Amino acid sequence: MSQPDQYRFFVDPTVTRPPGAAACSHPAAAGRHSAGATPPRGAKPRGGGSSGPGRAGGSGPGAGSGGGGWARAGRGRSRGGPPPQPVALALAADHRDFACLSRYGLFGAVSFEGYLRRTERQLRALCAQGLEVHLRILEPADFEDFCEESGLEPGDPAARVAYAADPDLAGEPFVYAGERLGELLPVLVEDHRARVRISIGCSALLTALERGRRPETRLAAVLQYVARLYLALAAGAGEGCHLLTLRSYGPEDGEQLTAAVEVCVEGGRLFAGGRDAEAFCVTLAAGVAARGSGVMLLHSLTVPGRPPQVRGWGLAQGRPTQLAVPEVLAALADDAALGLGGPAEVEARTGFPLPELPEEVAEGDG
C-alpha cells in the first residue's frame, strides 16, 4: 500500500547529531539521500530488529566500501560443510558523503557516479557466486569515530572492512538482492535512519530502566503498554494511510528523540510498518519509561482534495494526554519552527482517548 502523494508535504522528523560530530557530516532530511545522524558509539545496543527492506540475514565479517577492501570470510562450501559467511559492504550514500570520505583516498580517482557503477558490478559478481551481501551506510562521522576507537586509519582498507562488518547498529542486516544502486540507495538510507533511531531509542530506554529495582519486569510492562498504544492509535485512525509523528524529551537532560511511521489500515487490517514502526515504538517506550514529555501527532488524509486532519496527544511524565485543538495547532507550529515541515493547511482535532498508563509502568521501581 503506497502512501498518498499528499504525504510528501511531511518531512520526517530526524535525530540530532551528537556534539563533536565531524563538520563534513550532515543531518538526514527527507528527499535527500543522506545517512542521517548517528548515535554516539558505545551507546548503541546490539539488538534484534525486524528486517526492513531487503532480506534479513545473520551478520558476519566482510568487505569495505567498494573499489578495493573486499574480504571474504569463507571460501565456498564443501560438501556437508557450513555455508560461506556473508560479505559486508558499507556504501557512501550521496555526493556529499562521497566527497567527505574521498579525502582519505577511499575510492580512487573516480566520480560518485563511477563509484556507484563500479560497486554495483562488484555486488552483482558476489551475488553470482552465491554469496549473501549485507549493506550499510558509510557515514563519515561515525566511520571516523569507529576508526579512532579501533586504532585504525580511515584510509586503511582494513578500516573499511571492519566498519562494514561492525555489528553495533541495531536490527538485522540489509541484504542486497541484485537491485540497481541508484534505486536502492534511498531505500537503504531510510532503513539506516530507522536503525539509528532504534539504536538511540533502545539506549535511552535501557538507561531509564536502570533506575528501578526490577528493570526486566518494568521493561516487559512498558513494551506491552506501548504495543497497546500503537494498536489503539491505528484503530482510531481508521481506514487509509496516516502519518504518526513523535517528539519526546527526557525529564532531566531534555534530550530530544524523534520518530515517524506511516500507519496503513485497509479492510480493518493494520499493515506492518517494518523498522519504522519498531523505531517509533521503542522511541515512545523510552519516553514513557523515563517519564518524559513530548507530542504525538496523527496526520490523516480522509477526503481527497481536503486538508488533512491532525489529532494530537501530549506526553506528560510519560502519560499520554489528549490535546485540545489550540494545543494541536501549537504543536504543528513548533514542528514548523524546528524545520520538520508539514502541509500549509490542516484541520486540527483533539486526540481520541488512549489506554491509561498501567500502575506497573507508572510506579517506575518495578
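Everything quoted here is computed from the prediction, not taken from an experiment.

1. Focus on the overall build of the protein chain
Part 1 of the reasoning: Within the protein chain, the regular secondary structure consists of nine helices and 10 strands.
Part 2 of the reasoning: Each of the 366 residues in the protein chain was classed as buried or not, and the buried ones make up 49%.
Part 3 of the reasoning: Of the contacts made within the protein chain by residues no fewer than 6 positions apart, 74% connect residues no fewer than 24 positions apart.
Part 4 of the reasoning: Carbon and sulfur atoms make up 52% of the accessible area of the protein chain, which totals about 16400 Å².

2. Notes on the packing of aromatic side chains
Part 1 of the reasoning: Within the structure shown, the criterion is met by nine aromatic pairs.
Part 2 of the reasoning: On the numbers, 6.3 Å between centres and 50 degrees between planes, the contact of Tyr 230 with Phe 280 is tilted. Placement of the pair is Tyr 230 in helix α6 (residues 215–237) and Phe 280 in helix α7 (residues 274–289), with a sequence separation of 50 residues. With respect to class, Tyr 230 is no different from Phe 280; both count as buried.
Part 3 of the reasoning: By the ring-pair criterion, three or more aromatic residues cluster together here, those being Phe 98, Phe 107, Phe 112 and Tyr 115.
Part 4 of the reasoning: Seen from the ring of Tyr 163, Arg 136 lies directly overhead, with NZ or CZ sitting 4.4 Å from the centre.
Part 5 of the reasoning: Here the guanidinium or amino end of Arg 269 rests over the ring plane of Phe 271, the centre of that ring lying 5.1 Å away.

3. Quick notes on the sheet that holds strand β1 (residues 87–91)
Part 1 of the reasoning: Spatial strand order, β1-β2-β3: three strands in an open sheet with mixed pairing. In this open sheet, the two strands that pair with only one neighbour each are β1 and β3 (174–175).
Part 2 of the reasoning: The sheet contact formed by strand β2 (residues 133–137) and β3 spans two bridges and is antiparallel. Bridging across to β3, His 134 finds its partner in Val 175.
Part 3 of the reasoning: Contacts between helix α4 (residues 157–164) and the sheet are confined to β1 and β2, with β1 contributing the most and set at about 105 degrees to the helix.

4. Examining helix α1 (residues 95–102)
Part 1 of the reasoning: Within α1, the full set of buried residues consists of Asp 97, Phe 98, Cys 100 and Leu 101. Buried residues of α1 fall within an arc of 165 degrees about the axis and therefore sit on the same side.
Part 2 of the reasoning: Looking at the buried side of α1, the elements it contacts are α2 (112–128) and α3 (140–150).
Part 3 of the reasoning: With a side-chain oxygen lying 3.2 Å from the backbone nitrogen of Arg 96, the N-terminal cap of α1 falls on Asp 94.

5. Digging into the pairing of strand β8 (residues 309–316)
Part 1 of the reasoning: Of all eight residues making up β8, seven are buried, and the element is well covered by its neighbours.
Part 2 of the reasoning: Pairing geometry for strand β7 (residues 293–300) and β8, over seven bridges, is antiparallel. Across the sheet, residue Leu 297 finds its bridge partner in β8, namely Gly 312.
Part 3 of the reasoning: Pairing geometry for β8 and strand β10 (residues 347–350), over four bridges, is parallel. Residue pairing in the sheet places Val 310 in a bridge with Ala 348 of β10.

6. Focus on the side chain of Thr 119
Part 1 of the reasoning: Position of Thr 119 relative to the elements: it lies in helix α2.
Part 2 of the reasoning: By relative accessible area, which is 0% here, Thr 119 ends up buried.
Part 3 of the reasoning: In this structure the side chain of Thr 119 is engaged in a polar contact, spanning 2.8 Å, whose partner is the backbone oxygen of Tyr 115.

7. Section: the state of the cysteines
Part 1 of the reasoning: Applying the stated criterion to the full structure yields one disulfide.
Part 2 of the reasoning: Between the sulfur atoms of Cys 241 and its disulfide mate Cys 264 the distance is 2.4 Å. Disulfide Cys 241-Cys 264: the torsion about the S-S bond is 105 degrees, which places it as right-handed. Taken as a pair, Cys 241 in strand β4 (residues 240–249) and Cys 264 in strand β5 (residues 256–266) lie far apart in primary sequence, 23 residues in all. Residue Cys 241 shares its accessibility class with Cys 264, and that shared class is buried.

8. Let's talk about α2
Given 3.6 residues to a turn, an α-helix orients residues that are three or four positions apart in the same direction.
Part 1 of the reasoning: Taking 1.5 Å of rise per residue, the 17 residues of α2 would be expected to cover 24 Å, and the 24 Å separating its terminal C-alpha atoms lies within 8% of that figure.
Part 2 of the reasoning: Just downstream of α2, Gly 130 is the residue with a positive phi angle, here 85 degrees.

9. As for the side chain of His 242
Part 1 of the reasoning: For His 242, the location among the structural elements is in strand β4.
Part 2 of the reasoning: In this structure His 242 comes out as buried when scored by relative accessible area, which is 1%.
Part 3 of the reasoning: Within polar-contact distance, the side chain of His 242 engages the backbone oxygen of Gly 238 at 2.9 Å.

10. A word on the nonpolar core
Part 1 of the reasoning: By size, the foremost hydrophobic cluster in this structure holds 40 residues, and its most contacted members are Leu 205, Tyr 230, Leu 244, Phe 280, Leu 284, Val 288 and Met 296.
Part 2 of the reasoning: Those elements that provide at least two residues to this core are α5 (181–209), α6, β4, β5, α7, β7 and β8.
Part 3 of the reasoning: Apart from residues lying up to four places away in sequence, Leu 284 is in contact with Val 226, Leu 229, Leu 246, Met 296 and Leu 315.

11. Focus: the environment of Pro 320
Part 1 of the reasoning: Residue position: Pro 320 is located in strand β9 (residues 319–322).
Part 2 of the reasoning: You can call Pro 320 buried: its relative accessible area is 18%.
Part 3 of the reasoning: Spatially, the C-alpha atom of Pro 320 lies 7.9 Å from that of Leu 357, the residues being 37 residues apart in sequence.
Part 4 of the reasoning: If we skip the residues at most four places from it in the chain, Pro 320 touches Tyr 225, Leu 229, Gly 314, Leu 315, Leu 354 and Pro 355.

The rules we used
Residues numbered from 1 in each chain as written. Predicted model: local features only at pLDDT ≥ 70, side-chain atom pairs only at ≥ 80, totals over all residues. Heavy atoms only, no water. Helix = DSSP H or I, 4+ residues; strand = E, 2+ residues; numbered from the N terminus. Buried < 20%, exposed > 50% of the residue type's maximum accessible area, 1.4 Å probe, protein only. Contact = heavy atoms within 4.5 Å. Areas by Shrake-Rupley, 256 points an atom, 1.4 Å probe, with all protein chains shown as cover. Phe/Tyr/Trp six-rings, centres within 6.5 Å; stacked < 30°, edge-to-face > 60°. Lys NZ or Arg CZ within 6 Å of the ring centre and 35° of its normal. Pairing = 2+ DSSP bridges. Axes fitted to C-alpha atoms, helices over the stretch in contact; angles between N-to-C directions. Arc of directions from axis to C-beta. Polar contact = N/O pair within 3.5 Å; in protein donor to acceptor, adjacent residues only side chain to side chain. Disulfide = S-S within 2.5 Å. Expected span 1.5 Å × (residues − 1). Core = buried A, V, L, I, M, F, W, Y, C linked by side-chain atoms within 4.5 Å.

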